[in-house]
Amino acid sequence: MRYGVNLLNFGSGTTPESLVRQATDARDLGFAFAMISDHIAVTPDVQAVYPAPFYDQFVLAAHLAGRVPGLTLGTTVTVIPYRHPLQTARLAANIDRLNEGGFILGAGVGWSAAEYEVLGVPFAERGAITDEYLRAIRAAWTEDPCTFEGRYVAFRDVHTAPAPATAPHLPVWVGGASPAALRRAGRLGEAWHPFMPTRASLRAGLPRLAEEADRAGRPVPHLAPRLQIVVADVPDTDDRPLGHGTVDRIRADVETLAELGATDVLFDTYPGEPGLWKGADEDRRLLGLLRDEVLGDEALGDDAP
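A brief report on the enclosed structure follows.

Cut-offs applied
- For every chain, the first residue of its written sequence is number 1, and the numbers climb from 1 along that sequence.
- It should be noted that, the model being predicted, local features are given only for residues of pLDDT at least 70 and side-chain atom pairs only at 80 or more, the latter also being counted only at that level, while totals for whole chains, interfaces and linings use all residues.
- Excluding hydrogens and water, the side-chain values take into account all heavy atoms of the structure.
- For every residue, the accessible area obtained with a 1.4 Å probe (protein chains only) is divided by the maximum for its type, and the residue is called buried under 20%, exposed over 50%, and partly exposed between those limits.
- Think of it this way: any DSSP run of H or I at least four residues long counts as a helix, any run of E at least two long counts as a strand, and we number them from the N terminus.
- When DSSP finds two or more bridges between two strands, those strands count as paired.
- With strands facing away from the observer, any crossover in which the path from the first strand over the helix to the second runs clockwise is taken as right-handed.
- Helices are assigned an expected span. That span is 1.5 Å times one less than the residue count.
- Contact definition: two residues touch when any of their heavy atoms are within 4.5 Å.
- Nine residue types can take part in a nonpolar core, namely buried Ala, Val, Leu, Ile, Met, Phe, Trp, Tyr and Cys, and a core is a set of them joined through side-chain atoms within 4.5 Å.
- Two rings belonging to Phe, Tyr or Trp (six-membered ring only in the last case) form a pair when the distance between their centres is within 6.5 Å. Interplanar angles under 30 degrees mark stacking, angles over 60 mark edge-to-face geometry, and anything in between is tilted.
- In the sections that follow, a salt bridge refers to a side-chain nitrogen of Lys or Arg positioned within 4 Å of a carboxyl oxygen of Asp or Glu.

Things to note about the pairing of strand S8 (residues 172–175)
Both faces of the sheet carry side chains from a regular strand, because those side chains alternate between them.
Then, in step 1: Taking every second residue as pointing to the same face, both faces of S8 are buried, with Val172 and Val174 on one and Trp173 and Gly175 on the other.
Then, in step 2: Here strand S5 (residues 103–108) runs beside S8; their pairing, made up of three bridges, is parallel. Along S8, the bridge assignment pairs Ala107 with Val174.
Then, in step 3: Bridge analysis of S8 against strand S9 (residues 191–193) gives three bridges, and the strand direction is parallel. Looking at the pairing, Val174 lines up with Trp192 of S9.
Then, in step 4: Considered for its hand, the β-α-β crossover made up of S8, helix H7 (residues 179–188) and S9 is right-handed.

Structure representation (structure tokens):
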């Protein structure tokens with residue numbers, strides 16, 4: 001498996017310098033990739049969880065591509081309905097060209113009805129929009145000129161170069177664990193990217209993912225979860241989020257994911273509330289603990305310092 005780090009691109013104290021430091025720390029500890037969250041309108045409900053200042057994920061990825069070589073970059077996740085699919089396709093393909101380590105497009109529907117309202121996008125139709133936009137994005141990556149006809153977007157003879165450097169196109173990691181998200185991952189993703197999965201949700205989700213891929217005549221997407229890391233002595237139940245527990249339990253969680261065939265694991269040090277976040281120094285300590293006590297040099301590769 002490959003291991004990555006969720007970069008905290010928001011909140012008090014976040015600066016261009018701190019963002020480069022986060023990415024540099026991740027690379028120097030031996031992690032292979034770094035991913036970035038998405039919000040455009042920081043409405044009050046978003047502010048309560050992911051407070052401003054909030055740095056745009058695509059702008060930040062381009063910034064890091066030129067300053068922290070050696071990392072694959074990506075999004076966890078891009079809220080697909082927020083942008084025209086041609087814009088998303090071009091941004092992702094450009095960064096894939098600019099970054100030697102490549103780019104991963106994490107894709108999801110988002111959760112903030114208020115943010116959707118500000119952006120003028122119908123919240124109730126976000127799933128259907130996401131499915132159609134992902135098809136349009138794939139078309140833009142593989143066809144030049146590109147023509148697409150859909151319910152929510154249509155265009156004709158649009159030149160889309162440069163194509164992504166990654167062939168045949170960028171990997172799409174589909175977030176979410178609902179039946180609709182699993183259907184989307186099976187039909188449109190290269191990986192399923194659930195956040196805070198449990199043993200129970202994986203047991204239920206993986207067979208459904210395989211069924212959806214089989215119906216679509218596609219290979220079964222990889223498992224690439226995002227684990228929120230909370231080091232604490234919590235009961236080991238089937239609904240315990242993987243990544244919550246003692247160091248030994250988290251190590252066992254990573255082993256469980258390997259047994260389930262996970263190809264990538266993203267570690268997220270953000271506790272989910274601004275008031276619980278203990279700062280950048282604590283994040284660095286936690287990443288070091290993961291590297292030394294959970295993963296080790298062998299798991300991170302021979303190049304890990």
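From this point, things continue past the structure.
Description of helix H8 (residues 199–216)
Then, in step 1: The terminal C-alpha atoms of H8, which comprises 18 residues, lie 26 Å apart, in line with the 26 Å expected from a rise of 1.5 Å per residue.
Then, in step 2: Along H8, the residues classified as buried are Leu202, Gly205, Leu206, Leu209, Glu212 and Ala213.
Then, in step 3: For H8, the secondary structure elements touched by its buried residues are H7, S9, strand S10 (222–223) and helix H9 (247–259).
Then, in step 4: Phi for Gly217, located one or two positions after H8, is positive at around 70°.

Quick look at the nonpolar core
Then, in step 1: If you look at the biggest cluster of nonpolar residues, it comprises 70 residues, and the most contacted ones within it are Phe31, Leu64, Phe103, Trp141 and Phe267.
Then, in step 2: Of the residues forming this core, the biggest block, eight residues, is contributed by helix H6 (residues 126–142).
Then, in step 3: When residues no more than four places from it in sequence are discounted, the contact partners of Leu64 are Leu7, Leu19, Val20, Ala23, Ile36 and Leu73.
Then, in step 4: Listed in part, the seven residues of the second largest apolar core include Phe33, Ile104, Ala191 and Ala224.

Observations concerning the packing of aromatic side chains
Then, in step 1: Inspection of every chain in the model, using the stated rule, returns 11 aromatic pairs.
Then, in step 2: Summarising the aromatic geometry, the rings of Tyr82 and Tyr116 are spaced 5.1 Å apart at their centres and angled 65° between planes, so their arrangement reads as edge-to-face. Of this pair, Tyr82 sits in the loop between strand S4 (78–79) and helix H4 (85–98) while Tyr116 sits in helix H5 (residues 113–119), and the two are 34 residues apart along the sequence. Taken individually, Tyr82 and Tyr116 each receive the classification buried, so the pair is uniform in this respect.
Then, in step 3: Look at Tyr116 and Phe123: their rings are 5.3 Å apart centre to centre, the planes differ by 75°, and that puts the pair in the edge-to-face class.
Then, in step 4: Given the relative accessible area of 26%, Phe123 is considered partly exposed.

Let's talk about the pattern of salt bridges
A side chain with one charge may pair with a side chain of the opposite charge, provided their charged atoms come close.
Then, in step 1: Per the counting criterion, the structure on display carries 25 salt bridges.
Then, in step 2: Between Arg215 and Glu212 there is a salt bridge, and its shortest N-O distance comes to 3.4 Å. With Arg215 and Glu212 both in helix H8, this residue pair falls three residues apart, about one helical turn.
Then, in step 3: Note that Asp236 is salt-bridged to Arg240, the shortest N-O span being 2.9 Å.
Then, in step 4: By relative accessible area, which is 37% here, Asp236 ends up partly exposed.
Then, in step 5: When salt bridges that share partners are traced, they join Arg199, Arg203, Asp236, Asp238, Arg240, Arg249 and Asp253 into one network.

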